[in-house]
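# Analysis of the macromolecular model
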Amino acid sequence: MVDYHAANNQSSTEGVQIYMEQENDWDRDLLLDPAWEKQQRKTFTAWCNSHLRKSGTQIESIEEDFRDGLKLMLLLETISGERLAKPERGKMRVHKINNVNKALDFIAGKGVKLVSIGAEEIVDGNAKMTLGMIWTIILRFAIQDISVEETSAKEGLLLWCQRKTAPYKNVNVQNFHISWKDGLAFNALIHRHRPDLIDYDSLRKDDPVTNLNNAFEVAEKHLDIPKMLDAEDIVNTARPDEKAIMTYVSSFYHAFSGAQKAETAANRICKVLAVNQENEQMMEDYEKLASELLEWIRRTIPWLENRTQEKTVTDMQAKQEDFRDYRCVHKPPKVQEKCQLEISFNTLQTKLRLSNRPAFMPSEGRMVSDINGAWYTLEGAEKGYEEWILSEIRRLERLEHLAEKFHQKSKIHESWTDGKEAMLTQKDYETCTLSEVKALLRKHEAFESDLAAHQDRVEQIAAIAQELNELDYYDSASVNARCQKICDQWDSLGALTQNRKESLERTEKQLESIDELYLEYAKRAAPFNNWMEGAMEDLQDMFIVHNIEEIQGLITAHEQFKSTLAEANKEREAIQAIQAEVQKIAQSNGIKLSAANPYTTITPQSIDSKWEKAMGMVPLRDTALQEELNKQNNNDSLRAKFATQANTVGAYIQAKMEEIGRISIEMNGTLEDQLTNLRDYQTSIMSYMPEINTLEGSHQLIQEALIFDNQYTSYTMEHLRVGWEQLLTTIARTINEVENQILTRDAKGISQEQLYEYRASFNHFDKDHSGALMAEEFKACLISLGYDVENNKQGDSEFARIMSIVDPNNSGAVTFQAFIDFMSRETTDTDTADQVIASFKILAADKTFITAEELRRELPPDQAEYCIARMAPYTGPDAAPGALDYMSFSTALYGESDL
């Protein structure tokens, strides 16, 4: 039977008295109903005997056997576990009254107000008063302490019955009279706790007597609940006595109270395990996402660090296009993943703090700081890669320009040297006349002058080849070979020229006739011819510029060149006049001239031809320079357009960054309103994305035009991208902070007014609006909230304890989230390791270990298997086969700090 010794005798006297005043309003008229009186006699007698038999006695007549007060005092001692005053053994009426008064005083001492019940009426055998007294005892010791989900006594017992019988068909418990007439409710209570004793599906609603007898017999045989009523008494009464039914049902409640405790313990464990499983899933999701993001960064960085050089500008521009595709297509989703990873990590840590679990420590290398470090390395590699691409494009443009210039100059030089070696090695002077030798000597002197004039071109070719080598030109081998051939040939020409000069000088003594006019012509024609070749070379020279100033410099130089053409034309006419004078002298003296000037190969016709050709190149050069000027003007317009857009976007980002900083400090309204406003604000920010895309388009035009500088703005596209990403991340973090505050409020039961108070106190002492309180600011805030942390030994110790909670990293600053977590921890309660251990101990029937069979019986299948998989074998001295250590498992759920 039920042991009432463990009942809560410390219950509030006021609460008990109020309830008893309500229940002790003894309905005298109803009690006189013969059917109800019969039911109460049977039920109360059986109830009393179920306890008196523990003391080796019982009663036959409830109104007769309690008259002397002895068995009444014994009943109270049995159900309360306390000793009453020593009874009087005399047979006189006064002795009996004194004994009954002792019993009634004991009942009153338990906070029960007895209404209209006196010792004389009990001694006189007043059945009505005796039944009322027994009902009062039953209420106080069997029903009053029943508590189910914030309800107690009659309401608690009724709620317990409703919960236990809810799954059963044809059972609808609404009261303690007619809801029990068909007997199905009694059978449902037994089957719910001991399904092995009742075949519920075989019962019929239209056979109440069989149902009632079955329940009463099973309860008496297997549950040690005595039969307190007859089935016929209930069935044949229109409305069974409520007090009799409540007494009978309370016996079932106390018989199954152990199973109730086990169910409560199982529910607590299920709740704790559900929280742990959800947290573990979030941890697994974080680890997976962090691993994937780090793996992407690990694969991407080597690509960004690859500095394999290309041979042409086109190839490098293809790399630039790949990089642009990476920045616009592949990276943005990863930026979102990184932001989501930080939000998931913060949410998980908040849930762990709210459920009193240890903080989550990701596996090595997957901390948020590790991801941020890898991200910082990635962005550094991006910047270096972009700078390298641009520098390579510049280098390759320079190389292509130099290579073209090298080959052009080499071609001109090789054309000039063609046949020179053969000319310098011939022996024609050996058979010439004096005048012819003199002519050869003069011709050779003119050649030397021409050779010296070409020295500058050879040096230019060598210098260009050297620069190509220094800039790592991919075809340096062929350039070097060609340059070496030119240099070797030039040295050979120098030696051959010297040898021929010496030979002519040896014969010069013999040859004195020389035609001064031819010589003068040759001397003046050669430099003029060289000047024309140089001018034509310059007019055909390729150029590359990057701004308007450079092209205007080339135009100015070209204009200066054109200003010298008049003087050059005079020199050409003077040279042609020398040739005309030769013809005049020859004619006047009847001299027959040879077909060519013996001192030079430059004919008047070739001079005129080159002059006309050079004059034709001038307008072409004008056109080319003007086209380049137009191009640079267009590039300048692109610079100005980009600068206008960049300055607008930069100012917008700066303003919004300052605005979100103010919003995070000055937010008003409920947290839900703040969250809605922040999300609306985020949407308004995202509506600015088309402006960012437009700016990206302008930046692409800048890059395609190979524009490398912009004097109209201090912003670069990289700076604006970083600022935009930082703005979006800041908004997301602010939203996450409010979501975590909502989560804290809902989990901890903090009211909106408390949150406002906390926010107002925090903002009041956050003088610099930094979002964090320094140590002294935080101390002042605590004092304003009533904490005793004044500057004394006790106050300093308490403040140090609080700082260790809100600032575990000793940063010297306390964030608002840490402040909220601390205040919620101070004002609310959470599950602890000790509570979980106590729950497991109930399931294990007070053993220091638990078995897999017990876990599978008491817990849902998935959570039972979860525990079995994680519990270590129990190794204590009282270990049984298959014993599991639930204590270590429980403390591990909360970390070492709860041990």
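What you see is a predicted model, and the numbers here were worked out from it, not measured in a lab. (Residues numbered from 1 in each chain as written. Predicted model: local features only at pLDDT ≥ 70, side-chain atom pairs only at ≥ 80, totals over all residues. Heavy atoms only, no water.)

A few words now on the overall build of the protein chain. Scanning the protein chain for helices and strands turns up 33 helices and six strands. A globule of 899 residues ought to have a C-alpha radius of gyration of about 29 Å, yet the protein chain, at 55 Å, is considerably larger. Projected onto its principal axes, the C-alpha positions of the protein chain cover 190 × 60 × 55 Å. Looking at the protein chain as a whole, 45% of its 899 residues qualify as buried. (Helix = DSSP H or I, 4+ residues; strand = E, 2+ residues; numbered from the N terminus. Rg over C-alpha atoms; globule rule 2.2 N^0.38 Å. Buried < 20%, exposed > 50% of the residue type's maximum accessible area, 1.4 Å probe, protein only.)

With that out of the way, let us pick up the pattern of salt bridges. Taken as a whole, this structure holds 51 salt bridges when the rule is applied. Ionic pairing is found between Glu287 and Arg366, a salt bridge with its closest N-O pair at 3.7 Å. One end of the pair, Glu287, is in helix α13 (residues 257–305); the other, Arg366, is in the loop between α14 (313–354) and α15 (368–417), and 79 residues separate them in sequence. For Glu287, a relative accessible area of 19% corresponds to the buried category. One salt bridge in this structure joins Arg721 and Glu718, with 3.7 Å as the shortest N-O distance. In this pair, Arg721 and Glu718 both sit in helix α25 (residues 717–748), three residues apart, roughly one turn of the helix. Both residues of the pair, Arg721 and Glu718, count as buried. (Salt bridge = Lys/Arg side-chain N within 4 Å of Asp/Glu carboxyl O.)

So, about empty space enclosed by the protein. In this structure the tally under the stated criterion is four cavities of 30 Å³ or more. Of the voids in this model, the second largest cavity is the one considered here, and its volume is about 50 Å³. Met423, Gln426, Leu440, Lys443, His444, Phe447 and Arg500 are the residues that line the second largest cavity. Here the residues of the lining of the second largest cavity sort into three nonpolar, two polar and two charged. (1 Å grid on protein atoms, 1.4 Å probe; cavity = no way out; pocket = protein on both sides within 12 Å on 5 of 7 lines; lining within 4 Å. Points joined across faces, edges and corners; volume = space filled by probe spheres on them. Nonpolar A, V, L, I, M, F, W, Y, C, P; charged D, E, K, R; others polar.)

Along its 42 residues, α14 runs 60 Å from first to last C-alpha, staying within 8% of the 62 Å computed at 1.5 Å per residue. Taken as a whole, α14 carries its principal kink of about 45° at Lys331; the proline Pro332 stands between one and four residues after it. (Expected span 1.5 Å × (residues − 1). Bend = angle between axes of the 7 residues up to and from the residue.)

Here the focus is the UniProt feature "coiled-coil region" (unreviewed entry) in the protein chain. Within this numbering scheme, the UniProt entry marks residues 272–299, 437–471 and 558–588 as carrying the feature "coiled-coil region" (unreviewed entry). The span residues 272–299 carries 100% helix and 0% strand; its end-to-end C-alpha distance comes to 40 Å. (UniProt positions renumbered as here; feature names shortened; annotations may be inferred.)

Here the focus is the packing of α14 against α15. The interhelical angle for the contact between α14 and α15, taken along N-to-C directions, is 170°, at an axis separation of 11 Å. Judged on the interaxial angle alone, α15 and α14 are roughly antiparallel. Two packed elements cross with a definite hand, and for α14 against α15 that hand is left-handed. Split into classes, the residues belonging to the contact of α14 with α15 amount to 17 nonpolar, three polar and twelve charged. (Axes fitted to C-alpha atoms, helices over the stretch in contact; angles between N-to-C directions. Parallel < 35°, antiparallel > 145°, perpendicular 65-115°, else oblique. Left-handed = near helix turned anticlockwise from the far one by under 90°.)

The next point concerns the nonpolar core. Counting residues in hydrophobic clusters, the biggest one holds 78 residues, and the most contacted among them are Ile137, Trp180 and Phe186. The element that contributes the greatest number of residues to this core is helix α7 (residues 127–143), accounting for eleven residues. Excluding residues that lie within four positions of it along the chain, Trp180 makes contacts with Cys161, Val173, Asn175, Ala185, Phe186, Leu189, Leu212, Ile234, Ile245 and Val249. With 47 residues, the next largest nonpolar core counts Leu773, Val789, Phe816 and Phe819 among its residues. (Core = buried A, V, L, I, M, F, W, Y, C linked by side-chain atoms within 4.5 Å. Contact = heavy atoms within 4.5 Å.)

Quick look at the packing of aromatic side chains now. In this structure the tally under the stated criterion is 31 aromatic pairs. For the ring pair Trp160 and Tyr253, a centre distance of 5.0 Å and an interplane angle of 80° mean the geometry is edge-to-face. Residue Trp160 is located in helix α8 (residues 153–165), and its partner Tyr253 is located in helix α12 (residues 242–255); the two are separated by 93 residues in the primary sequence. Tyr253 shares its class with Trp160; the two are buried. Aromatic side chains Phe216 and Tyr248 sit 4.8 Å apart centroid to centroid with 25° between the ring planes, which places their arrangement in the stacked category. (Phe/Tyr/Trp six-rings, centres within 6.5 Å; stacked < 30°, edge-to-face > 60°.)

One way to put it is that helix α27 (residues 775–784) packs onto helix α28 (residues 793–806) with a least axis distance of 11 Å and a crossing angle of 110°. By the angle between their axes, α27 is roughly perpendicular relative to α28. Here the hand of the crossing between α27 and α28 comes out right-handed. Counted together, Ala775, Phe778, Lys779 and Leu782 of α27 and Asp796, Phe799, Ile802, Met803 and Val806 of α28 form the full contact between these two elements. For the contact of α27 with α28, a count of residues per class yields seven nonpolar, no polar and two charged.

Checked against the element boundaries, His401 lands in helix α15. If sequence neighbours within four positions are ignored, His401 has contacts with Met542, Phe543 and Ile544.

For Lys409, the location among the structural elements is in helix α15. At a separation of 2.8 Å, a polar atom in the side chain of Lys409 contacts the side chain of Gln460. Once residues within four sequence positions are removed from consideration, Lys409 is found in contact with Arg457, Gln460, Ile461, Ile464 and Glu537. (Polar contact = N/O pair within 3.5 Å; in protein donor to acceptor, adjacent residues only side chain to side chain.)

For helix α4 (residues 70–80), the tally of buried residues reaches eight of eleven residues, placing the bulk of the element in the interior. Regarding α4, the residues found buried are Leu72, Met73, Leu75, Leu76, Glu77, Thr78, Ile79 and Ser80. Buried residues belonging to α4 abut α3 (34–52), α5 (93–109) and α7.

Our next topic: unusual backbone geometry. In this structure, Asp224 takes a positive phi of about 60° despite not being glycine. In the Ramachandran plot, Asn356 falls in the positive-phi region, its phi being about 60° despite a non-glycine side chain. Following the sequence through the fold, Asn356 ends up in the loop between α14 and α15. The exposure class of Asn356 is partly exposed, given its relative accessible area of 24%.

Time to look at the environment of Gln340. The residue Gln340 is located in helix α14 in this model. It is 8.8 Å that separates the C-alpha atoms of Gln340 and Ala732, two residues lying 392 residues apart in sequence.

The next point concerns the state of the cysteines. A full pass over the atoms with the stated rule returns zero disulfides. Here Cys339 stays free of any disulfide, with the sulfur of Cys328 as its closest cysteine sulfur at 20 Å. (Disulfide = S-S within 2.5 Å.)

Before going further, it helps to spend a moment on the environment of His413. For His413, the location among the structural elements is in helix α15. Exposure remark for His413: the relative accessible area of 0% places this residue in the buried category. In this structure His413 touches Arg457, Val458, Ile461, Ile486 and Trp490, once residues within four positions along its chain are discounted.

Reading predicted coordinates in detail is not appropriate for stretches of low pLDDT. In this model, the protein chain carries a mean pLDDT of 81, and residues with pLDDT of at least 70 account for 90%. A low-confidence stretch, residues 1–32 (pLDDT under 50), is modelled with 77 contacts involving residues beyond four sequence positions or located in other chains. Predicted confidence for residues 510–514 stays below pLDDT 50, and this span has 16 contacts to residues more than four positions away or in other chains. (pLDDT = per-residue confidence, 0-100.)

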